[in-house]
Amino acid sequence: MTCFRSRLCDSSDETGRLSRRWPEQRPPKFPITPGGLLHRYVCLLLAFVLSACGSNGFEADSKADRRTNGIDDTSLHAVMSEQLALDSARLNTLLFDLHRTETVLARERQQQASRIAASARSLQDGARKVLDLGQALPLADNSDTRFRTLAAQLESEADILATQAEMGQLTPTQMEETLSRLNDTCNACHSLYRDRAGTLR
Amino acid sequence: MIPDRAPGNRALLLTLLLGLLLTPDQSQAAEPPDLSMGGFFRLQLLSGGISADRNRSGDSELWIPDIPVTPQPTSNWKPVQVHARESRLWVRAVQETPLGQLEALVEGDLDADRHDGHDPRLRHAYLILGPLLVGQTYTTFTNTSALADIDAGIAVGNVVTRHRLIRWQQSLGTGSSFSLALEDSLNRLHFSGTNSIVSTGDRRPPDLVMRFDRNGDWGNASVSLLLREITTTEPPGPGIHTDTELGSALSFAGRIATGGLDNLRFMFNYGDALARYSTLSTFADASVTAAGQVRLTATHSGLLAWQHFWAPRWRSTLALSYSRADPHRSTSGKLSRESRSGHANLIWTPTQRVSLGIEYLYGWRSLINGDSGNLDRLQLTTRINF
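Residues numbered from 1 in each chain as written. Chains lettered and ligands numbered in written order. Predicted model: local features only at pLDDT ≥ 70, side-chain atom pairs only at ≥ 80, totals over all residues.

*Asks:* How should the overall build of chain B be read in this particular structure?
*Replies:* Of regular secondary structure, chain B possesses 1 helix and 21 strands. When each of the 386 residues of chain B is scored for burial, the buried share is 40%. Across chain B, every contact between residues at least 6 apart in sequence was considered, and the portion connecting residues at least 24 apart equals 62%. (Helix = DSSP H or I, 4+ residues; strand = E, 2+ residues; numbered from the N terminus. Buried ≥ 20, exposed ≤ 12 C-beta atoms within 10 Å, placed from the backbone. Contact = placed C-beta atoms within 7 Å.)

Written as structure tokens, this is what we have:
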């Protein structure tokens, strides 16, 4: 299984986790002005989308904790590719089940596919929100174009994954390939935004 | 012609009739059924204690009555045993019918001959139409998702019986369901003055099983109730009448998610009708006294297994299991009273089709007369899915 890593806006968390202490960890990089607030909002939004791409595998529970704590925006928080990674891994474990029969496992796969479809749709919504930001992105020149292209690519790949899952056409191999492509897109986005964020400091 | 003498045979007959009735009329050019096939090749290499069985069947799998007891064999370590008897093949067909989706599954392995052969054996053969299942498969009494992921396949406290049954499973919404089943009514009896257990089968009401299941993101849990009639079908001796007792058993089982892919599996069973369903039929359902009276065997068994994923492709299971029977005092002292097993493994799945595992197994059993013995075993397992 591909191992994902996420980064916050300030790239301070090398573990790839969105910590519960996230609001306190935000350094006062941006002054509290209308523009600064907008910048902070955009940064927050991007952090969620980008972190949704990233995961070290099985951290969906901590995500759920944050959601119940209401720390993050609910709609963005539904964007959980960590959940995707977990569901994908669960799908893989079914391949080596020794006791349950194929008909039981087929139903289990259907349930996993439904969960994967829901997570992928959430990821797709998150990518759309980035695209809807328009000129508010804290990027300039060709970086902005590149970033938006990657967001569109993320939206498209999440859509493909969700559609495959909804139609029951998702095999573990397909899942791994699609997650790998998503991971590549995420990493490209992370890299681009980190580079750009560095120049903003 | 299938003799109409056992509920299980009637179940198979009903399966065939149901299949014929629901087969679409070919003249209407119906869509062919979706057919899929799969399985796995499973090669096991074992090294460890020599079993008590004269034919050495217990050398290649954990068979509780074959765990040697005092006096131990002089040479109690067998270098290597290799077999692929647990390789499996299944065929599944799904067909749309006027009554809904009809699903059929047939699965077999190579474990019919537990000695040195690799003869084919039928594991499952059933039809599913909506909530109705008819055919041969795991008893409704067991929760198969609670069984431990161990290479030995079974732990002593497992309920893993497969037999013929008719099951109705009704969804209750929000992850809950209720099942009601009529199942094969085989009895295993010990007759006073003998040292063995005898299986008796026909002319009895089927076993009745009820089960409630609850599923959620946290895992699943189930409670099952089993009702059985245990009887001597024929007078055990001249001037002695047959006798009948009604027995019952309860099972509480489940799999609880403990973070990520890790999970805790458990199964606790208790009752005086449990014996044939648990511990690979090691215990007798009842003892028949010299006067012909049926005395049920109170039995309890349990399993606790923790599965941990070190990484997505590396996993381990630590499983502890036990079972104990309290038979009537007329029962032979040479039959088993108690057994325990412990399992620890490490399994690597380098690709989605291959797994390699190593497992240590410890088995122990004691007899009614107090003798006891144990068995250690190390086994390497390779599995290739297809």
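*Asks:* How should I be thinking about the overall build of chain A in this particular structure?
*Replies:* Of the regular secondary structure elements, chain A holds 8 helices and 0 strands. For chain A, the α and β elements follow one another from N to C terminus as α-α-α-α-α-α-α-α. Across the 201 residues in chain A, those meeting the buried criterion constitute 38%. Long-range pairs, those at least 24 residues apart, make up 80% of the contacts in chain A between residues at least 6 apart in sequence.

*Asks:* Got a minute to help me understand the interface of chain B and chain A in this structure?
*Replies:* The accessible area lost on association of the parts is a frequent measure of interface size. Between chain B and chain A, the contact holds 23 residues from the first and 19 residues from the second. Listing elements by their share of the side of chain B that touches chain A, those giving two or more residues are strand S3 (88-97), strand S4 (100-109), strand S5 (121-129) and strand S21 (372-385) of chain B. With 3 residues, S4(B) is the largest single contributor of residues to the side of chain B that touches chain A. For the side of chain B that touches chain A, the class distribution of residues is 6 nonpolar, 12 polar and 5 charged. (Nonpolar A, V, L, I, M, F, W, Y, C, P; charged D, E, K, R; others polar.)

*Asks:* Where do I start with the nonpolar core in this structure?
*Replies:* Where a protein is soluble and globular, its nonpolar side chains tend to be buried together. If you look at the biggest cluster of nonpolar residues, it comprises 51 residues, and the most contacted ones within it are B:Ala148, B:Ala155, B:Ala284 and B:Ala286. Counting residues per element, this core draws most heavily on S4(B), which supplies 3 residues. For B:Ala155, the residues in contact, after removing those within four places along its chain, are B:Ala148, B:Ile150, B:Leu303, B:Ala319, B:Ser321, B:Ser341 and B:His343. Formed by 26 residues, the second largest nonpolar core is a distinct cluster that contains A:Ala117, A:Phe147, A:Ala151 and A:Ala158. (Core = buried A, V, L, I, M, F, W, Y, C linked by C-beta atoms within 7 Å.)

*Asks:* Sorry if this is basic, but what is going on with the confidence of the model for chain A here?
*Replies:* Where the model shows low pLDDT, its predicted coordinates should not be examined in detail. Chain-level statistics for chain A give a pLDDT mean of 63 and a share of 50% at 70 or above. Across residues 1-34 of chain A, confidence stays below pLDDT 50; counting only partners more than four residues off in sequence or on other chains, it has 62 contacts. (pLDDT = per-residue confidence, 0-100.)

*Asks:* Can you help me understand the pairing of strand S9 (residues 187-191) of chain B in this one?
*Replies:* Residues and elements named next belong to chain B. Burial within S9 is extensive, with 4 of its 5 residues counted as buried. Pairing of S9 with strand S10 (residues 198-200), which is carried by 3 bridges, proceeds in the antiparallel orientation. Residue Leu189 lies in a different strand from S10, and its bridge partner there is Val198. The hairpin formed by S9 and S10 contains 6 residues between the paired strands, and Gly193 there has a positive phi angle of roughly 90°. Relative to strand S15 (residues 286-288), S9 runs parallel, the two sharing 3 bridges. When the bridges of S15 are listed, Phe191 appears paired with Val288. (Pairing = 2+ DSSP bridges.)

*Asks:* Please explain the pairing of S3(B) as it appears in this structure.
*Replies:* Regular strands show a simple pattern: their side chains alternate between the two faces of the sheet. Residues and elements named next belong to chain B. Where strand S1 (residues 34-48) meets S3, 7 bridges bridge the pair, whose relative direction is antiparallel. Across the sheet, residue Asp34 finds its bridge partner in S3, namely Val94. The pairing of S3 with S4 spans 10 bridges and is classified as antiparallel. Bridge pairing in S4 links Gln95 to Leu102. The antiparallel hairpin formed by S3 and S4 contains 2 residues in its connecting segment.

*Asks:* Explain unusual backbone geometry here, please?
*Replies:* Leaving glycine out, the prevailing phi sign among residues is negative, and the prevailing peptide bond configuration is trans. Residue and element names in this part refer to chain B. With phi around 45°, Thr174 is a residue other than glycine that occupies positive phi space. Note on placement: Thr174 falls in the loop between strand S7 (162-173) and strand S8 (176-183). Look at Thr279: it is not a glycine, yet its phi comes out positive at around 55°. Among the residues examined, Thr279 registers 31 C-beta atoms within 10 Å and is labelled buried.

*Asks:* What should I look at first to understand the sheet that holds S10(B) in this one?
*Replies:* Paired through their backbone hydrogen bonds, the strands of a sheet run either parallel or antiparallel. Residues and elements named next belong to chain B. Taking strand neighbours across the sheet as the criterion, the 4 strands line up as S10-S9-S15-S16 in an open arrangement whose pairing is mixed. Both outer strands of the open sheet, S10 and strand S16 (294-296), are each paired with one neighbouring strand and no more. The mean inter-strand angle of the sheet, taken between neighbouring strand axes irrespective of direction, is 35°. (Axes fitted to C-alpha atoms, helices over the stretch in contact; angles between N-to-C directions.)

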